[in-house]
Amino acid sequence: MADVVGLVLPFFGMILLGFVVAKLMKHPLEGLAWMNVFILYLALPALFYQLLSKTPIEQLTQISFILASMLATFLIFATMFAASLLFGGKVPESTIKALASAYGNIGFMGPGLALIAFGDEAAVPVALIFCFENVMHFVLAPTLMALSGERSPGASSLVLDIGRKILLHPFIVATILGVLAAAFHFRAPMALDRLLEIVSRAAAPCALFAMGVTLALRPLRRMPTAIGPIVLLKLFVHPLLCYTMLSLIGDFPTVWVWTAMLLASLPTATNVYVIAAQYGVWVERASASILVTTTCSVASVTALLYLIRSGVLPPDLFP
């Protein structure tokens, strides 16, 4: 247990440092803009590219793995969406609740924690899950909002907007370039490779610190009544369902299974707040969901990693 705590606490400690520093320094949230630019457009894309470009191409075509992971996430989304509608929620707020339950912080938290926990072998499943699940969320959110009449654009405008968000997202662009580099055995010149290595090493600490600052500077005014189900679905049911789907659908490398479970167990993504603010729906409660699930995930993620590293969980639920 001590090695798991030693692994997890420094990771969450970076979030705590960002939170404490933000509370002490009193700088506005807008001051984080350039760090976010560095993280989103340079550091994390460099990390994805560096890891994928050096991966054998046959590892990047695991369609059944992608389907299993996406199916688990979609079922969590659909469960909360349907439950919210059943209890009188409207489509827009039900969409944000569903995102809060299914959309994990796989961008800022996923790569750093998975690589620390499982090594470089976790890079490929992290990148595949990130890309395809983000595509799913980028499609679901605007489509459901459009169907509800919230800022409803024409069909062509909606398709163009979704396509732009997918094709121009820096993480996805970096992943595509990394896959192409792996396919054609391209190696960057030494100077560029070293630059990418330096930038990529800054990805995890900067992303975690920025996340802590963001949590500190978004005031918690309204606690959602759905916070209990959101915490349960996001932190507990999602990784268990992912584990079940992976065991049912295919025989995957052990590290891939553990990585998928770990990413499924991560708290609500900060992007959920961004989407909520974009549509003006459930904004403060989306922020509260991120804060509460992130706080609870310190214990839940630690427990999951302990179960994995101690051998309590078998690599396949149905051997």
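Residues numbered from 1 in each chain as written. Predicted model: local features only at pLDDT ≥ 70, side-chain atom pairs only at ≥ 80, totals over all residues. Heavy atoms only, no water.

- The chain goes by AEC family transporter in an unreviewed UniProt entry, where it is assigned to Tianweitania aestuarii.
- A UniProt comment under Subcellular location (unreviewed entry) is attached to the chain, and it reads "Cell membrane".
- Under the UniProt heading Sequence similarities (unreviewed entry), the note attached to the chain is "Belongs to the auxin efflux carrier (TC 2.A.69) family." (UniProt positions renumbered as here; feature names shortened; annotations may be inferred.)

1. Topic: the overall build of the chain
So, point 1. Looking only at helices and strands, the chain has 14 helices and zero strands in total.
So, point 2. When the helices and strands of the chain are listed from N to C terminus, the series reads α-α-α-α-α-α-α-α-α-α-α-α-α-α.
So, point 3. Relative to the 2.2 N^0.38 estimate, which gives 20 Å for 319 residues, the radius of gyration of the chain is 19 Å and therefore close to what a compact globule would have.
So, point 4. Viewed in the frame of its principal axes, the chain has a C-alpha envelope of about 55 × 50 × 50 Å.
So, point 5. Relative to its full complement of 319 residues, the chain shows a buried share of 52%.
So, point 6. Looking at the chain as shown, the accessible area adds up to about 14300 Å², and 71% of this sits on carbon and sulfur atoms. (Helix = DSSP H or I, 4+ residues; strand = E, 2+ residues; numbered from the N terminus. Rg over C-alpha atoms; globule rule 2.2 N^0.38 Å. Buried < 20%, exposed > 50% of the residue type's maximum accessible area, 1.4 Å probe, protein only. Areas by Shrake-Rupley, 256 points an atom, 1.4 Å probe, with all protein chains shown as cover.)

2. Some details on the packing of aromatic side chains
So, point 1. According to the stated counting rule, one finds six aromatic pairs in the structure shown.
So, point 2. Ring geometry for Phe65 versus Phe252: centroids 5.5 Å apart, planes at 75°, classification edge-to-face. Linking Phe65 in helix α3 (residues 63–86) with Phe252 in the loop between α11 (227–249) and α12 (254–264), this pair joins segments that are 187 residues apart in sequence.
So, point 3. Exposure remark for Phe65: the relative accessible area of 0% places this residue in the buried category.
So, point 4. Chaining the aromatic ring pairs together yields one cluster made of Phe65, Phe252 and Trp256. (Phe/Tyr/Trp six-rings, centres within 6.5 Å; stacked < 30°, edge-to-face > 60°.)

3. Focus on the side chain of Thr73
So, point 1. Mapped onto the elements, Thr73 comes out in helix α3.
So, point 2. Exposure remark for Thr73: the relative accessible area of 1% places this residue in the buried category.
So, point 3. A distance of 3.0 Å separates a polar atom in the side chain of Thr73 from a polar atom in the side chain of His238. (Polar contact = N/O pair within 3.5 Å; in protein donor to acceptor, adjacent residues only side chain to side chain.)

4. Points about the pattern of salt bridges
So, point 1. One pass over the structure, following the stated rule, counts three salt bridges.
So, point 2. Salt-bridge contacts for Lys54 lead to Asp193; the nearest nitrogen and oxygen are separated by 3.7 Å. Placement of the pair is Lys54 in the loop between α2 (33–53) and α3 and Asp193 in helix α9 (residues 190–201), with a sequence separation of 139 residues.
So, point 3. The exposure class of Lys54 is partly exposed, given its relative accessible area of 43%.
So, point 4. Across the salt bridge formed by Lys97 and Glu93, the nearest N and O atoms sit 3.6 Å from each other. Of this pair, Lys97 and Glu93 both sit in helix α4 (residues 91–102), four residues apart, which is roughly one turn of that helix.
So, point 5. A relative accessible area of 12% means that Lys97 is categorised as buried.
So, point 6. According to the relative accessible area criterion, Glu93 is partly exposed, its value standing at 27%. (Salt bridge = Lys/Arg side-chain N within 4 Å of Asp/Glu carboxyl O.)

5. Considerations on unusual backbone geometry
So, point 1. With a phi angle near 65°, Lys26 is a residue other than glycine that sits in the positive phi range.
So, point 2. Structurally, the position occupied by Lys26 is in the loop between α1 (2–25) and α2.
So, point 3. Unusually for a residue other than glycine, His185 sits at a positive phi of about 55°.
So, point 4. Of note, His185 is situated in the loop between α8 (170–183) and α9.

6. Observations concerning the side chain of Ser289
So, point 1. By the element assignment, Ser289 lies in helix α14 (residues 283–309).
So, point 2. A polar side-chain atom of Ser289 sits 2.9 Å from the main-chain carbonyl oxygen of Arg285.
So, point 3. Setting aside residues no more than four positions away along its own chain, Ser289 makes contact with Ala100, Pro224, Ile227, Ile230, Thr268 and Trp282. (Contact = heavy atoms within 4.5 Å.)

7. A look at the nonpolar core
General note: in soluble globular proteins, nonpolar side chains tend to be found buried as a group.
So, point 1. Ranked by size, the top nonpolar core spans 106 residues in total, and within it Ile96, Phe118 and Leu305 carry the most contacts.
So, point 2. In terms of residues, this core owes the most to one element, helix α6 (residues 123–148), which gives 14 residues.
So, point 3. With residues up to four places along the chain from it excluded, the contact list for Leu305 reads Val4, Leu7, Val8, Leu113, Ala117, Phe118 and Leu262. (Core = buried A, V, L, I, M, F, W, Y, C linked by side-chain atoms within 4.5 Å.)

8. Quick word on the state of the cysteines
So, point 1. The tally for this structure, following the rule as stated, stands at zero disulfides.
So, point 2. Lacking any disulfide linkage, Cys131 is separated from the closest cysteine sulfur, that of Cys242, by 16 Å.
So, point 3. Given a relative accessible area of 8%, Cys131 falls into the buried group. (Disulfide = S-S within 2.5 Å.)

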